[in-house]
Amino acid sequence: PELVRRMVRDGHAVGNHSWSHPEFWKSSKRTIRKELAKTNGLLVKLGAAPTLMRPPFGEWDPRVAKTSKSLGLAGILWDVDTLDWKSRNTKKVTKLVLREVRPGSIILTHDTLTTTRKAYPAIIKGLRAKGYTLVTVPELLGARLHAGGRYANAKS
């Protein structure tokens, strides 16, 4: 809870990623709603006002879109997948991001992995050296964001 409060205080975008990371493609509409609504409720109690969600496993279909829309959430996916969960290799993750990133990219990482957290300084340094500015998803997509919409980069 304190981490979420700090993120809000520091101006980070706080989004919803579901309560228990289920496989939405195997879930009922009711389960999808419960997963997202329960997380939204907790985030609101912690001071966040979620308008973004990243579906577990990137699973986006009409049921997820409709549920997200009803909860006021835009679906955020990515166009650069680090596969950090698979390689668990700091150098590979860094190299992949710096090779694959394009203007307007959304990069998927998992900060629960030590190897990924160790990659962040080199990724940030490398992106800045290439002239990139790091921004939040709302800063990147701005007024284009709408509940129920699906976004994978600044061009989608």
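Now for a description of the structure that goes with this document. For clarity, every value in this text was computed on a predicted model and none was experimentally measured.

Look at helix α5 (residues 90–100) against helix α6 (residues 114–129): their axes get within 8 Å of each other, and the N-to-C directions meet at 35°. In terms of crossing hand, the pair formed by α5 and α6 is right-handed. When α5 is examined against α6, the residues Thr 90, Val 93, Thr 94, Val 97 and Leu 98 are found in contact with a partner set consisting of Thr 115, Lys 118, Ala 119, Ala 122, Ile 123, Gly 126 and Leu 127.

The next thing to look at is the pattern of salt bridges. Considering all chains together, one arrives at five salt bridges under this definition. Its salt-bridge partner being Glu 2, residue Arg 9 comes within 3.0 Å of it at the nearest N-O pair. The residue Glu 100 makes a salt bridge to Arg 99 at a minimum N-O spacing of 2.9 Å.

The subject of this paragraph is the nonpolar core. Among soluble globular proteins, nonpolar side chains are generally buried collectively. Counting residues in hydrophobic clusters, the biggest one holds eleven residues: Leu 52, Ala 74, Ile 76, Leu 77, Trp 78, Ile 106, Leu 108, Val 137, Leu 141, Tyr 151 and Ala 152. Of all the elements in the fold, those that place two or more residues in this core are β2 (74–76) and α7 (137–141). Beyond its immediate chain neighbours, meaning those up to four positions away, Val 137 contacts Leu 52, Ile 76, Gly 142 and Leu 145. Counting residues in hydrophobic clusters, the runner-up holds eight residues, among them Phe 24, Leu 36, Ala 65 and Leu 73.

The rules behind each value
Residues numbered from 1 in each chain as written. Predicted model: local features only at pLDDT ≥ 70, side-chain atom pairs only at ≥ 80, totals over all residues. Heavy atoms only, no water. Axes fitted to C-alpha atoms, helices over the stretch in contact; angles between N-to-C directions. Helix = DSSP H or I, 4+ residues; strand = E, 2+ residues; numbered from the N terminus. Left-handed = near helix turned anticlockwise from the far one by under 90°. Contact = heavy atoms within 4.5 Å. Salt bridge = Lys/Arg side-chain N within 4 Å of Asp/Glu carboxyl O. Core = buried A, V, L, I, M, F, W, Y, C linked by side-chain atoms within 4.5 Å. Buried < 20%, exposed > 50% of the residue type's maximum accessible area, 1.4 Å probe, protein only.

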